[in-house]
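For reference, the chains in residue letters:
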Amino acid sequence: MANLAPSSNAPGLHVSKPSPSEPATASAVCHCGASASAKGDAQVGALVAGWNANHGSAHAGGGTA
């Protein structure tokens, strides 16, 4: 399987939850230089919400938020 972790060369958001009984994990790297990681379902949910609000498609208009 390919390495799906985001990097400065391949920015993005990666979320993993191997099974319902294990905590979710996530990592994010944005082309603006921001990066974050989280472990636990609530923390991963917050990271995803922040990514959606401030990175990812938020940069589609050319912004650097």
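Rules of the game
Residues numbered from 1 in each chain as written. Predicted model: local features only at pLDDT ≥ 70, side-chain atom pairs only at ≥ 80, totals over all residues. Heavy atoms only, no water. Pairing = 2+ DSSP bridges. Helix = DSSP H or I, 4+ residues; strand = E, 2+ residues; numbered from the N terminus. Axes fitted to C-alpha atoms, helices over the stretch in contact; angles between N-to-C directions. Core = buried A, V, L, I, M, F, W, Y, C linked by side-chain atoms within 4.5 Å. Buried < 20%, exposed > 50% of the residue type's maximum accessible area, 1.4 Å probe, protein only. Contact = heavy atoms within 4.5 Å.

### A look at the pairing of strand β3 (residues 35-39)
Part 1 of the argument: Where strand β2 (residues 25-29) meets β3, 5 bridges bridge the pair, whose relative direction is antiparallel. Within β3, the position partnered with Ala-26 by the bridge is Ala-38.
Part 2 of the argument: Counting the residues in the hairpin turn of β2 and β3 gives 5 residues, including Gly-33, whose phi is positive at 105°.

### Concerning the sheet that holds β3
Part 1 of the argument: In space, the 3 strands of this open sheet follow the order β1-β2-β3, with antiparallel pairing throughout. Edge positions in the sheet fall to β1 (12-16) and β3, since each has one partner strand and no second. Across the sheet, the axes of successive neighbouring strands diverge by a mean angle of 5°, strand direction being ignored.

### Things to note about the nonpolar core
Part 1 of the argument: Counting residues in hydrophobic clusters, the biggest one holds 8 residues: Ala-24, Ala-26, Ala-28, Cys-30, Ala-38, Val-44, Leu-47 and Trp-51.
Part 2 of the argument: In terms of residues, this core owes the most to one element, helix α1 (residues 41-54), which gives 3 residues.

### Looking at the environment of Leu-13
Part 1 of the argument: As for its position among the elements, Leu-13 is in strand β1.
Part 2 of the argument: Of the residues examined, Leu-13 reaches a relative accessible area of 31% and is grouped as partly exposed.
Part 3 of the argument: With 38 residues separating them in the primary sequence, Leu-13 and Trp-51 have C-alpha atoms 7.8 Å apart.
Part 4 of the argument: Once residues within four sequence positions are removed from consideration, Leu-13 is found in contact with Ser-27, Ala-28, Leu-47, Val-48 and Trp-51.

### Considering the environment of Ala-58
Part 1 of the argument: Residue placement: Ala-58 occurs in the segment after α1.
Part 2 of the argument: Residue Ala-58 is classed as partly exposed on the basis of its relative accessible area of 33%.

Geometric values such as these leave the question of function open.
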